[in-house]
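Chain by chain, the residues run as shown.
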Amino acid sequence: MGDVKGPLLEEMVREHVALLRVADKAASRNTEPLLAIEFGSAIGYSAMRLRGNLPAGSLVVAVEPNTRATKLGKRLVKAAGLDSGVAFTNTVGAKLLDAMQRGRRHGRGEKTLEVVDLALRAKGGDARIKLRFDVVVTDHVKDLYLPTLRDLEQRQLLVPGRT
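Residues numbered from 1 in each chain as written. Predicted model: local features only at pLDDT ≥ 70, side-chain atom pairs only at ≥ 80, totals over all residues. Heavy atoms only, no water.

**Remarks on the pairing of strand β1 (residues 35-39)**
Taken across its five residues, β1 has five buried, putting it largely inside the fold. Inspection of the sheet shows β1 paired to strand β2 (residues 59-63) by five bridges, in the parallel sense. Looking across to β2, one finds that isoleucine 37 is bridged to valine 61. Remark: the β1/helix α2 (residues 45-51)/β2 crossover connection has right-handed handedness. (Buried < 20%, exposed > 50% of the residue type's maximum accessible area, 1.4 Å probe, protein only. Helix = DSSP H or I, 4+ residues; strand = E, 2+ residues; numbered from the N terminus. Pairing = 2+ DSSP bridges. Right-handed = clockwise from strand over helix to strand, strands pointing away.)

Below, the structure is given as structure tokens:
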């Protein structure tokens, strides 16, 4: 994602958040904060653009299997002052989604659970809540876009009507 698609992402996120606020106000729910996930974050450029357009306290889970890209991304996100709103993970696929489904209920030890803890804190800190994503960005292998979304749906990791 670069200077052409980046502003498009920002515009789409702003519109999405505005629609969520209207719907949540009508249903007497609170929109903020939101939980987002990006598959294929590379060095975090789009994750930063995404986070910069979400409400205060929101979290972007940036999924990137390349450890070198993730290390650079963490430094860039920190330099931008967004490190509390973007959590990088090298864990991909079923292992990450399994951990998101379980939340804190199955103990410690996995590096992935650090990301889960951050997500739970962004959503109020209650370990009993079911983590679900309000926003999903797929920027990884094109052949995996649809299977990834179907997997998120099957695992009930998407907030109904939001993604």
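From this point, the narrative continues.
**Brief notes about the pairing of β2**
Taking burial as the measure, the five residues of β2 include five buried ones, the bulk of the element. Both faces of β2 are covered, namely the face carrying Leu59, Val61 and Val63 and the face carrying Val60 and Ala62. Here β2 pairs with strand β3 (residues 86-89) via four bridges, running parallel. Residue pairing in the sheet places valine 63 in a bridge with threonine 89 of β3. Once the chain exits β2 it traverses helix α3 (residues 67-79) before rejoining the sheet at β3, and the crossover so formed is right-handed.

**Regarding the nonpolar core**
If you look at the biggest cluster of nonpolar residues, it comprises 22 residues, and the most contacted ones within it are Ile37, Val61, Met100, Phe133 and Leu152. Listed by contribution, the elements that provide at least two residues to this core are β1, β2, α4 (93-102) and α5 (112-122). Looking at this core element by element, the count peaks at five residues for α5. If sequence neighbours within four positions are ignored, leucine 152 has contacts with Phe39, Leu97, Phe133, Val136, Leu157 and Leu158. (Core = buried A, V, L, I, M, F, W, Y, C linked by side-chain atoms within 4.5 Å. Contact = heavy atoms within 4.5 Å.)

**Description of the side chain of arginine 155**
Checked against the element boundaries, arginine 155 lands in the segment after α6 (145-154). A distance of 2.9 Å separates the side chain of arginine 155 from the side chain of aspartate 151, its partner in a polar contact. Not counting residues up to four positions away in its chain, the partners in contact with arginine 155 are Ala94, Leu97, Asp98, Gln101 and Lys130. (Polar contact = N/O pair within 3.5 Å; in protein donor to acceptor, adjacent residues only side chain to side chain.)

**Some remarks on α3**
Relative to the 18 Å expected for 13 residues at 1.5 Å per residue, α3 spans 18 Å between its end C-alpha atoms, a close match to the ideal helical length. Among the residues of α3, Ala69, Thr70, Gly73 and Val77 are the ones counted as buried. Looking straight down α3, one finds that the buried residues subtend no more than 95° of arc, so they occupy a single side. Projecting away from the buried face of α3 at angles above 90 degrees are the exposed residues Arg68, Lys71, Arg75, Lys78 and Ala79. Buried residues along α3 sit in contact with α2 and β3. Structurally, the start of α3 carries an N-cap: the backbone nitrogen of arginine 68 is 2.9 Å from a side-chain oxygen of asparagine 66. Two residues or fewer after α3 comes glycine 81, characterised by a positive phi angle close to 75°. (Expected span 1.5 Å × (residues − 1). Arc of directions from axis to C-beta.)

**Looking at the sheet that holds strand β4 (residues 135-138)**
Reading across from one edge, β3-β2-β1-β4 is the order of the four strands in this open sheet, with parallel pairing throughout. What marks the edges here is a single partner per strand, and that holds for β3 and β4. Looking at each pair of strands side by side, their axes are set apart by 15° on average, direction ignored. (Axes fitted to C-alpha atoms, helices over the stretch in contact; angles between N-to-C directions.)

**Describing the confidence of the model for the protein chain**
Put simply, the protein chain has an average pLDDT of 78, and 81% of its residues get 70 or more. Put simply, α5 is where the protein chain has its lowest mean pLDDT, 70, and α3 is where it has its highest, 91. Across residues 105-109, confidence stays below pLDDT 50; counting only partners more than four residues off in sequence or on other chains, it has six contacts. (pLDDT = per-residue confidence, 0-100.)

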